[in-house]
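Examination of the molecular architecture
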Amino acid sequence: MNRQSFGPPSTRAEERAWRAAGLLVDVAGRVLPATAPPCGFCDGEDIGDTCPASLTCPTCKATPRQRCCRPSGHTAEQWHRSRVRAADLEDQRREEDGDTTLPARWGDTPPAPTPSRGTR
């Protein structure tokens with residue numbers, strides 16, 4: 001299984017630039033297309049992984065293509081963590097089943113440095 005040789009990007013714009021430059025690969029090591037088509041489930045791009053909007057949210061029960069809802073009934077700004085986790089688990093399942101169309105995962109990034117204690 002291949003991994004991206006660097007990253008993760010700090011912004012979506014940076015990720016798009018890396019994709020356009022031919023720097024991102026799928027799990028088989030093939031270069032990802034320079035542009036991504038629109039996602040069929042959300043207002044983002046279809047980068048080949050499982051979109052959280054394609055699943056029913058385990059937290060608020062929002063159906064596919066619906067935004068997550070807050071307990072007040074208002075639309076949530078972000079997907080619930082459980083929905084994102086469910087999409088990640090689906091990608092893991094796809095990977096284990098041999099799906100080579102998934103984007104490669106980001107390379108292991110070194111842990112953040114331990115802050116110094118300083119002197120007193």
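Here the structure is shown first, and the text comes after it.
The following refers to the structure shown. (Residues numbered from 1 in each chain as written. Predicted model: local features only at pLDDT ≥ 70, side-chain atom pairs only at ≥ 80, totals over all residues. Heavy atoms only, no water.)

**Topic: the packing of aromatic side chains**
- As enumerated under the stated definition, the model contains two aromatic pairs in all.
- Ring geometry for Trp-18 against Trp-106: centres 6.2 Å apart, planes inclined by 65 degrees, an arrangement best described as edge-to-face. Here Trp-18 is found in helix H1 (residues 12-20), whereas its partner Trp-106 is found in the segment after helix H2 (81-96), with 88 residues between them in sequence.
- Exposure remark for Trp-18: the relative accessible area of 16% places this residue in the buried category.
- Feature note: the residues Phe-6, Trp-18 and Trp-106 constitute an aromatic cluster, connected by ring pairs.
- Residue placement shows Arg-67 over the ring face of Trp-79; its charged tip is 4.1 Å from the ring centre. (Phe/Tyr/Trp six-rings, centres within 6.5 Å; stacked < 30°, edge-to-face > 60°. Helix = DSSP H or I, 4+ residues; strand = E, 2+ residues; numbered from the N terminus. Buried < 20%, exposed > 50% of the residue type's maximum accessible area, 1.4 Å probe, protein only. Lys NZ or Arg CZ within 6 Å of the ring centre and 35° of its normal.)

**Overview of H1**
- Along H1, the positions that sit buried rather than exposed are Glu-15, Trp-18 and Arg-19. Down the axis of H1, the smallest arc covering the buried residues is 100 degrees, so these residues share one side. (Arc of directions from axis to C-beta.)

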